[in-house]
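Here are the chains, one letter per residue:
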Amino acid sequence: MDCKEIVVKELEVGYDERIIVKGMDLQLKPGGVTTLIGPNGCGKSTLLKAMTRILKCRGGWILLEGREIHEMPTKELAQKISILSQHQITPEDITVKDLVSYGRMPYQKWYQGESREDLEIVQWAMKAASVEGMAGRKVRSLSGGERQRAWIATALAQKPQFLFLDEPTTYLDIAHQMEIMQLVKDLKERLDIAIIMVLHDIEQAMEVSDQVVVMKDGKKVAAGAPLEVITEELIEQVYSVKSRIVRLPGRNCPTIIYESLTGKAPAGAGR
Ligand SMILES: Nc1ncnc2c1ncn2[C@@H]1O[C@H](COP(=O)(O)OP(=O)(O)O)[C@@H](O)[C@H]1O
Ligand SMILES: [Mg+2]
């Protein structure tokens, strides 16, 4: 086994009596982008929370470097994985630099302040997420896209091997969505880390991911290379929406045309 991977086996996760994620098997290798897609409420955030130990597992295993994550010391785990949750609450009055400095906490001892190395890594993380020019600004004063980048810088300052991003583009306009997608692509090329994210836009998922994992009702229905996994049949099976996947000249990735609001299938669908 490649020691720097996360292996999820027969995972079950839930709340109270209800099991949400069922029989999940996954393998996450460093250096690639894995995107989870699936309808609202199918368990994507629940799976991410289990893999980052925010939630306990009801069954199965999550192994990091061959060790069960629930048995790892919290500090050690926080030096290997970080998560940008779906709903972040930005502390009142905090500057970008101070927010990003929070990412260094897993490396600090209670009796020590920030070391020189911490400061250098904070600077590096701000640069990597293109927020170094706004280090002194209040996070609350930033636009949605800038704020999201500040949070990504905070997660990067943890120097994780695995970076989890839960819907990093939701609530952003198309220009800022593209900015975050470009950042994900850059991070993938420049850093040897695995990025695992949740997206709703299937075209964007196809463009930036090495692997897509498609979920429905808490189960994995497909996983693999985007061009092999995403088909018109799969979109209909998972979302009950008819579509046509076409290739437009000059574009690297396929374009998806969805059925009209009247339920009319796009011309040529289901040929
Ligand atoms: N804290 C919670 N307590 C109880 N049920 C929850 C909680 N969070 C999510 N759920 C339920 O678990 C299911 C999956 O939710 P979630 O993982 O957030 O879905 P997704 O991220 O795919 O939209 C939903 O039915 C949701 O209502
Ligand atoms: Mg979610």
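1. Some points on the overall build of the chain
Then, in step 1: Along the backbone of the chain there are nine helices and twelve strands.
Then, in step 2: Relative to its length of 271 residues, the chain is compact, with a C-alpha radius of gyration of 19 Å against a globular reference of 18 Å.
Then, in step 3: Overall size of the chain, expressed as C-alpha extent along the three principal axes, is 65 × 40 × 35 Å.
Then, in step 4: For the chain, with 271 residues in total, the buried portion stands at 48%.
Then, in step 5: For the chain, the proportion of contacts with a sequence separation of at least 24, taken over those separated by at least 6, is 63%.
Then, in step 6: Accessible surface for the chain amounts to roughly 13700 Å². Of this, 50% is attributable to carbon and sulfur atoms.

2. As for the coordination of the magnesium ion (ligand 2)
Then, in step 1: Donor atoms from the polypeptide that coordinate the magnesium ion (ligand 2) comprise Ser45 (OG) and Gln86 (OE1), at 2.0 to 2.3 Å from the metal. Linking Ser45 in helix α1 (residues 44–51) with Gln86 in the loop between β6 (81–84) and α3 (96–102), this pair joins segments that are 41 residues apart in sequence.

3. Regarding the domain arrangement of the chain
Then, in step 1: Per the domain assignment, the segments of the chain are domain 1 (1–80 + 160–230), domain 2 (91–157) and domain 3 (241–271).
Then, in step 2: A separation of 23 Å is found between the C-alpha centroids of domain 1 and domain 2.
Then, in step 3: Both sides of the domain 1 and domain 2 interface together cover about 1300 Å² of buried area, and 68% of this is carbon and sulfur.
Then, in step 4: On the domain 1 side of the interface with domain 2, the three residues burying the most area are Lys75, Gln79 and Leu183, jointly 31% of the side's total.
Then, in step 5: For the interface between domain 1 and domain 2, the tally reads one salt bridge.
Then, in step 6: Among the salt bridges present, the one from Arg149 reaches Glu179, with a minimum N-O distance of 2.3 Å.
Then, in step 7: At the junction of domain 1 with domain 2, the criterion picks out five residue pairs in polar contact (both at pLDDT 80 or more).
Then, in step 8: Of all the elements, helix α6 (residues 174–190) adds the most residues to the side of domain 1 that touches domain 2, at six residues.
Then, in step 9: Classifying every residue of the side of domain 1 that touches domain 2 gives eleven nonpolar, two polar and four charged.

What counts as what
Counting of residues starts from 1 at the beginning of each chain's written sequence and follows it residue by residue. Throughout, the order in which chains and ligands are written sets their labels, letters from A for the former and numbers from 1 for the latter. Local features in a predicted model are, by the rule used here, given only for residues with pLDDT of at least 70; side-chain atom pairs are given and counted only at 80 or more, and totals for whole chains, interfaces and linings are based on all residues. Only heavy atoms go into the side-chain values, all of them from the structure, while hydrogens and water stay out. Helix numbering and strand numbering both begin at the N terminus, where a helix is a DSSP run of H or I of at least 4 residues and a strand a DSSP run of E of at least 2. Only C-alpha atoms enter the radius of gyration, while the globule expectation follows 2.2 Å times N to the 0.38, with N the number of residues. Three exposure classes are used, based on accessible area relative to the maximum for each residue type with a 1.4 Å probe and protein chains only: buried under 20%, partly exposed in between, and exposed over 50%. In this analysis, two residues are considered to be in contact whenever any of their non-hydrogen atoms come within 4.5 Å of each other. Throughout, the Shrake-Rupley method with a 1.4 Å probe supplies accessible areas, and for residues the shown protein chains are the sole cover considered. Shown as donors are all N, O and S atoms within 2.8 Å of a metal ion, widened to 3.2 Å for Na, K and Ca; because water is not in the atom set, sites may appear incomplete. Where a domain begins and ends is set by an automatic assignment or by a domain database. In short, buried area is how much 1.4 Å probe accessible area vanishes from two parts on joining, totalled over both. We define a salt bridge as a side-chain nitrogen of Lys or Arg found within 4 Å of a carboxyl oxygen belonging to Asp or Glu. N or O atoms closer than or at 3.5 Å make up a polar contact, with two conditions inside protein: a donor-capable atom paired with an acceptor-capable one, and, for residues adjacent in sequence, both atoms drawn from side chains. When residues are sorted by character, Ala, Val, Leu, Ile, Met, Phe, Trp, Tyr, Cys and Pro go into the nonpolar class, Asp, Glu, Lys and Arg into the charged class, and all the rest, Gly among them, into the polar class.

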